[in-house]
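Analysis of the macromolecular model
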Amino acid sequence: MASILDEYEDSLSRSAVLQPGCPSVGIPHSGYVNAQLEKEVPIFTKQRIDFTPSERITSLVVACNQLCMSLGKDTLLRIDLGKANEPNHVELGRKDDAKVHKMFLDHTGFHLLIALSSTEVLYVNRNGQKVRPLARWKGQLVESVGWNKALGTESSTGPILVGTAQGQIFEAELSASEGGLFGPAPDLYFRPLYVLNEEGGPAPVCSLEAERGPDGRPFVIATTRQRLFQFIGRTAEGAEAQGFLGLFAAYTDHPPPFREFPSSLGYSELAFYTPKLRSAPRAFAWMMGDGVLYGALDHGRPDSLLSEERVWDYPEGVGPGASPPLAIVLTQFHFLLLLADRVEAVCTLTGQVVLRDHFLEKFGPLRHMVKDSSTGHLWAYTERAVFRYHVQREARDVWRTYLDMNRFDLAKEYCRERPDCLDTVLAREADFCFNQRRYLESARCYALTQSYFEEIALKFLEARQEEALVEFLQRKLAGLKPAERTQATLLTTWLTELYLSRLGALQGDPEALNLYWETRERFRAFLSSPRHKEWLFSSRASIHELLASHGDTEHMVYFAVIMQDYERVVAYHCQHEAYEEALAVLARHRDPQLFYKFSPILIRHIPRQLVDAWIEMGSRLDARQLIPALVNYSQGGEAQQVSQAIRYMEFCVNVLGETEQAIHNYLLSLYARGQPASLLAYLEQAGASPHRVHYDLKYALRLCAEHGHHRACVHVYKVLELYEEAVDLALQVDVDLAKQCADLPEEDEELRKKLWLKIARHVVQEEEDVQTAMACLASCPLLKIEDVLPFFPDFVTIDHFKEAICSSLKAYNHHIQELQREMEEATASAQRIRRDLQELRGRYGTVEPQDKCATCDFPLLNRPFYLFLCGHMFHADCLLQAVRPGLPAYKQARLEELQRKLGAAPPPTKGSARAKEAEGGAAAVGPSREQLKADLDELVAAECVYCGELMIRSIDRPFIDPQRYEEEHLSWL
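Quick caveat, the model's predicted, so the values are computed rather than measured.

Looking now at the overall build of the chain. Check the secondary structure of the chain and you find 35 helices and 34 strands. Looking at the chain as a whole, 44% of its 973 residues are labelled buried. Within the chain, counting contacts between residues at least 6 apart in sequence, those at least 24 apart form 51% of the total. On the chain, roughly 53,000 Å² of surface is accessible, and the fraction owed to carbon and sulfur atoms is 51%.

Below is the structure:
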């Protein structure tokens, strides 16, 4: 046998080929386009296995991809379907005429039981070739086996249940270990537990299933020909390790619950549907004489597991008569009945036959049908052939069935991944709810469909179901994409209109007061919903127009607050003269632009509160932009108006430290008009430096002059350093103030003397007070009596200023004596200087051959050099290089000019009259070479570079030139 799956795989590949031709494309009402481009594969696909048995097949079982069949009387064929090319033959070694009655394979595919007609049972393990008889089982014709799926392993079955033809249920356990000749038998124990009875006595145990629920409780369902028994455990998970003895012991005194039907096939068969391997079964199907009992297994019920039971009649032509069913297999939504010549699949939801698959007579009659729970494949066989059914997408059309049954939740569950089908289900559910007058539910479903928006809206309008229409529009709005702005504007506007119309209709009805408040809350919830915020914000202009057209100012303000359109809120309060509420909104949201806009209005009505709000805002506000509001407000000239403006301006200047000239100028104008006493204090606090004051000095001078504040004008004159004007104006106010002004120009004695002379003239000529004039003379040391005398009139006697004249004469005498002493000291100093010069002319220094330059450290005598009295010696070029950076710019230019001229001058020649004549001619044209050298020496060698002022001036010079700092810094990295 090359491969028993080749033909099956080829058939699957052929069925997946696209069919030629143009697909039919339809445009359904829902808006989806259905285009079927691929041939629909049947749910149940039959494939004959490429296998010809050497003998007739008497029994076949499949589990966990392991297939076992008995051939003839004495051969067992085992095939691992994953390695179909490696079949395994095992000889049973029977010499008698016993035939294989039934075979049972556990869920792991490792433990195989072969029940013989001679009431013997053989055991074969998947990993072994040896057929081992079970001695303890002898004498029992085994009809059914309930495997232990919880404890069964590859080496042990765990406690299992065995049903016999005599109605007895035994508990047994098998082990795969082989201990040699004297080793233990595979059947560890075999003990009776219970006997199933019908009306006539014990009845064969046709089917036996041992399972456990999700909570761990074990249960056993056993069937006879006419009855279905339930044994439900009371213990928790893990109790199976003790066996099934406790489970059946609970039914010793009373029989277990059972279902009984009158008709009989002479046998019955039970099938379970388990969605996943090793999970709890979900549904059952029992094939018996009256039909198929189908239902769900409810593990939460304490007394009976069976729920949603229903007996499906056999299809036409099937029954206990001529064509009885031989086997049953249960899938998720179908049960398949095996007859002698065909297989019929019946939908468990509707009872309709969805498959009637006939077999050719050449294969012989069908014997049995089994299911591999691990793969979901179905296997049927005759004596000469084996067939396999592959189940594909069984739930594909289940949604239609549930839809026809109006079970919409289940229909949506099974078409969740198919948008077109889900849309159909939702549309049907919406129509159903609409016809049932469940309009809100209908609106929710319609909103999820692709049905035409206009049709749905008209349906609700015709039915006058505005509440359902609102629900539909809101859900449509929530499902819009960000790019669908036009639709969002339409929906939000329509919803607002519906809510406003509803509120307007209910507002005047006292009987509908509760409904009014409920609608009002829903409307507010709609306006404040975070899901709708983006759409409401983009449509806020049209919504405000709607609110205004309905005159709903309350919700207009509410919506403006939600949209953070505080400008509209403040404007509304101002229009209704609720100025404190408007200010509360401004203070709460602290938006400077709103303050700038509404301050001119608010300051007229609540100036003090507004200024408090400004002060609380602090530096967030630009005081310059509030000046227009203050100017308009303070034009009335009332003390309260000016005081509030001054209060805020003083806060800006003194607390915030504002330096803007406009603010200080405005504060000056307020002081000049309303608080003159504070004007001079402010000016004095601002200081006397014209570069440090923040107000405009000329503006301040004009302002003070207009309002007649002379002392303030004097102060401004002093700041402007216009001392003559200050003194002239101060003399009109107070002589002492003029004296203070006259002393201000400390560095200009001539001006001070002039100012004091003005004061003296004023005192003598205007006030005619000689004593005060003498006091002025004493106050200013720059004034002499001779300066003041011309101001006195001729009739004044000398007695009034006799003392002043005497003091002046004494001062002159003292000054003459001081000048004489200074002349004598200058003469003595000149004589000392002459002696020093004579001594310097004869001074000299000695240079040794080994002496070196103080800068370059090379021998000094190699090049022209300079020798200083301090002892430092330099080459001429080294000294020039060291002195040049410390010279001022003009001296550096002079040095370069001298070097250029010296280089251009002809070199001197020795002992030649012609040279002397040439030198004389050059001298007539310009300075001689000796003169140039003398000028150069005066610049370069005026002092030692290390001991003179040049070194002292360079003490604060950095070691590294700032222009080369970065280059030097990088070189060290």
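Having seen the model, we can carry on.
Taken together, four strands build an open sheet; the order of strands is E22-E23-E24-E25 and the sheet is antiparallel. The open sheet has two edge strands, strand E22 (269-273) and strand E25 (306-312), and neither has a second partner. Adjacent strand axes in the sheet meet at a mean angle of 20° when their direction is disregarded. Pairing between strand E24 (residues 291-297) and E25: five bridges, direction antiparallel. The residue of E25 that forms the bridge with leucine 297 is leucine 306.

Our focus in this paragraph is a nonpolar patch on the surface. On the surface, a nonpolar cluster with roughly 240 Å² of combined accessible area is contributed by Leu861, Phe865 and Leu867. Position of leucine 861 relative to the elements: it lies in the loop between helix H29 (802-841) and strand E33 (865-867).

With that settled, the discussion passes to the state of the cysteines. Two cysteines whose sulfur atoms are joined by a covalent bond form what is called a disulfide. Going through the model one piece at a time under the given rule, you end up with zero disulfides. The thiol sulfur of cysteine 713 is not disulfide-bonded, and the nearest other cysteine sulfur, from cysteine 704, lies at 4.9 Å. Unpaired in this structure, cysteine 947 has its nearest cysteine sulfur neighbour in cysteine 870, at a distance of 3.7 Å. Among the residues examined, cysteine 947 registers a relative accessible area of 47% and is labelled partly exposed.

A few words on the nonpolar core. The biggest cluster of nonpolar side chains holds 73 residues, and the ones touching the most others in it are Phe595, Leu602, Trp614, Tyr648, Met649 and Tyr695. Per-element tally for this core: the top contributor is helix H19 (residues 639-655), with eight residues. Setting aside its immediate chain neighbours within four residues, tyrosine 648 contacts Val611, Trp614, Ile615, Leu621, Ala623, Leu626 and Leu630. Counting residues in each nonpolar core, the second largest holds 39 residues, with Ala430, Tyr446, Leu480 and Tyr516 among its members.

On to the pattern of salt bridges. Any two side chains of opposite charge can pair, on the condition that their charged atoms come close. On inspection of all chains with the given rule, the structure shows 37 salt bridges. Between aspartate 612 and arginine 608 there is a salt bridge, with its nearest N and O atoms 3.6 Å apart. Here aspartate 612 and its partner arginine 608 are both found in helix H17 (residues 607-617), four residues apart, which amounts to about one turn of the helix. According to the relative accessible area criterion, aspartate 612 is partly exposed, its value standing at 32%. You can call arginine 608 partly exposed: its relative accessible area is 45%. When the shortest N-O distance is used, the salt bridge between glutamate 818 and arginine 821 registers 1.9 Å.

Now for unusual backbone geometry. For arginine 464, which is not a glycine, the phi torsion comes out positive at approximately 55°. Checked against the element boundaries, arginine 464 lands in the loop between helix H7 (453-462) and helix H8 (466-478). The backbone of aspartate 857 sits at a positive phi, close to 65°, despite the residue not being glycine. With respect to the secondary-structure elements, aspartate 857 resides in the loop between H29 and E33.

On to the sheet that holds strand E11 (residues 131-133). Here we have four strands laid out as an open sheet, ordered E8-E9-E10-E11, and antiparallel in their pairing. At either margin of the open sheet sits one strand with a lone partner, and together these are strand E8 (100-105) and E11. Ignoring strand direction, the axes of neighbouring strands in this sheet form an average angle of 25°.

A word on H7. All buried positions along H7 are accounted for by Ile456, Ala457 and Phe460. Buried residues of H7 fall within an arc of 95° about the axis and therefore sit on the same side. In H7, the exposed positions that point more than 90 degrees away from the buried face belong to Glu454 and Glu462. Check the buried side of H7 and you find it contacts helix H5 (419-435), helix H6 (439-448), H8 and helix H9 (485-507). Arginine 464 sits one or two positions beyond H7 and adopts a positive phi of about 55°.

The full count for this structure, using the stated rule, is 26 aromatic pairs. Ring geometry for tyrosine 516 against tryptophan 517: centres 5.6 Å apart, planes inclined by 75°, an arrangement best described as edge-to-face. On the basis of relative accessibility, which here comes to 11%, the residue tyrosine 516 falls in the buried class. Look at tryptophan 517 and you get partly exposed, because its relative accessible area is 41%. Three or more aromatic residues joined by ring pairs form one cluster here, namely Phe434, Tyr439, Tyr446, Phe453, Phe460, Phe472 and Trp494. Taking the ring centre of phenylalanine 359 as reference, the NZ or CZ of lysine 46 above it sits at 4.0 Å.

What follows covers the side chain of histidine 709. Mapped onto the elements of the fold, histidine 709 is located in the loop between helix H22 (697-706) and helix H23 (710-719). Given a relative accessible area of 17%, histidine 709 falls into the buried group. Beyond its immediate stretch of four places on either side in the chain, histidine 709 contacts Ala672, Pro676, Leu679 and Cys704.

Most of strand E32 (residues 386-391) sits out of view: five of its six residues are buried. A loop of three residues connects strand E31 (residues 378-382) with E32, the two strands running antiparallel in sequence.

The predicted model of the chain has a mean per-residue pLDDT of 81, with 86% of residues at 70 or higher. Considering only residues more than four positions removed or in separate chains, one finds that residues 1-29, a stretch of pLDDT under 50, has 46 contacts. Taken as a whole, residues 912-916 scores under 50 in pLDDT and shows one contact with residues more than four places along the chain or in a different chain.

Another aspect to go through is the environment of aspartate 420. With respect to the helices, strands and loops of the structure, aspartate 420 is situated in helix H5. Judged by relative accessible area, which is 25%, aspartate 420 ranks as partly exposed. With 30 residues separating them along the chain, aspartate 420 and glutamine 450 place their C-alpha atoms 9.1 Å apart.

The next thing to look at is helix H16 (residues 592-605). Look at H16: 20 Å from first C-alpha to last across 14 residues, which is about the 20 Å you get at 1.5 Å a residue. By the largest-angle criterion, serine 599 marks the main kink of H16, which is about 55°, and a proline, proline 600, follows within four residues. Along H16, the residues that are buried comprise Leu594, Phe595, Tyr596, Phe598, Ser599, Leu602 and Ile603. In this structure, the buried residues of H16 make contact with helix H14 (566-575), helix H15 (579-589), H17 and helix H18 (623-634).

The next subject is the side chain of histidine 377. For histidine 377, the position within the fold is in the loop between strand E30 (366-371) and E31. Note on histidine 377: relative accessible area 15%, which makes it buried. Looking at histidine 377, its side chain comes within polar contact range of the side chain of histidine 390, at 3.0 Å. With residues up to four places along the chain from it excluded, the contact list for histidine 377 reads Val370, Lys371, Asp372, Arg388, Tyr389 and His390.

Axis separation between helix H20 (residues 661-674) and helix H21 (residues 676-686) bottoms out at 6 Å; the angle between their running directions is 145°. In this structure, H20 contributes His664, Leu667, Leu668, Tyr671, Ala672 and Gly674 to the contact, and H21 contributes Pro676, Ser678, Leu679, Tyr682 and Leu683. Counted by class, the contact of H20 with H21 contains eight nonpolar, three polar and no charged residues.

The next point concerns the packing of helix H13 (residues 553-562) against H14. Helix packing for two helices is described by the angle between their axes and how far apart those axes are. Contact geometry for H13 and H14: axes closest at 7 Å, N-to-C directions at 145°. Classified by chirality, the crossing of H14 by H13 is left-handed. Contacts between H13 and H14 pair Thr553, Met556, Val557, Ala560 and Val561 from the former with Tyr566, Arg568, Val569 and Tyr572 from the latter. The residue inventory of the contact of H13 with H14, partitioned by class, reads seven nonpolar, one polar and one charged.

Rules used in this analysis
- Residues numbered from 1 in each chain as written.
- Predicted model: local features only at pLDDT ≥ 70, side-chain atom pairs only at ≥ 80, totals over all residues.
- Heavy atoms only, no water.
- Helix = DSSP H or I, 4+ residues; strand = E, 2+ residues; numbered from the N terminus.
- Buried < 20%, exposed > 50% of the residue type's maximum accessible area, 1.4 Å probe, protein only.
- Contact = heavy atoms within 4.5 Å.
- Areas by Shrake-Rupley, 256 points an atom, 1.4 Å probe, with all protein chains shown as cover.
- Pairing = 2+ DSSP bridges.
- Axes fitted to C-alpha atoms, helices over the stretch in contact; angles between N-to-C directions.
- Patch = residues over 30% accessible without salt bridge, like charges linked within 9 Å, V, L, I, M, F, W, Y side chains within 5 Å.
- Salt bridge = Lys/Arg side-chain N within 4 Å of Asp/Glu carboxyl O.
- Disulfide = S-S within 2.5 Å.
- Core = buried A, V, L, I, M, F, W, Y, C linked by side-chain atoms within 4.5 Å.
- Arc of directions from axis to C-beta.
- Phe/Tyr/Trp six-rings, centres within 6.5 Å; stacked < 30°, edge-to-face > 60°.
- Lys NZ or Arg CZ within 6 Å of the ring centre and 35° of its normal.
- pLDDT = per-residue confidence, 0-100.
- Expected span 1.5 Å × (residues − 1).
- Bend = angle between axes of the 7 residues up to and from the residue.
- Polar contact = N/O pair within 3.5 Å; in protein donor to acceptor, adjacent residues only side chain to side chain.
- Nonpolar A, V, L, I, M, F, W, Y, C, P; charged D, E, K, R; others polar.
- Left-handed = near helix turned anticlockwise from the far one by under 90°.

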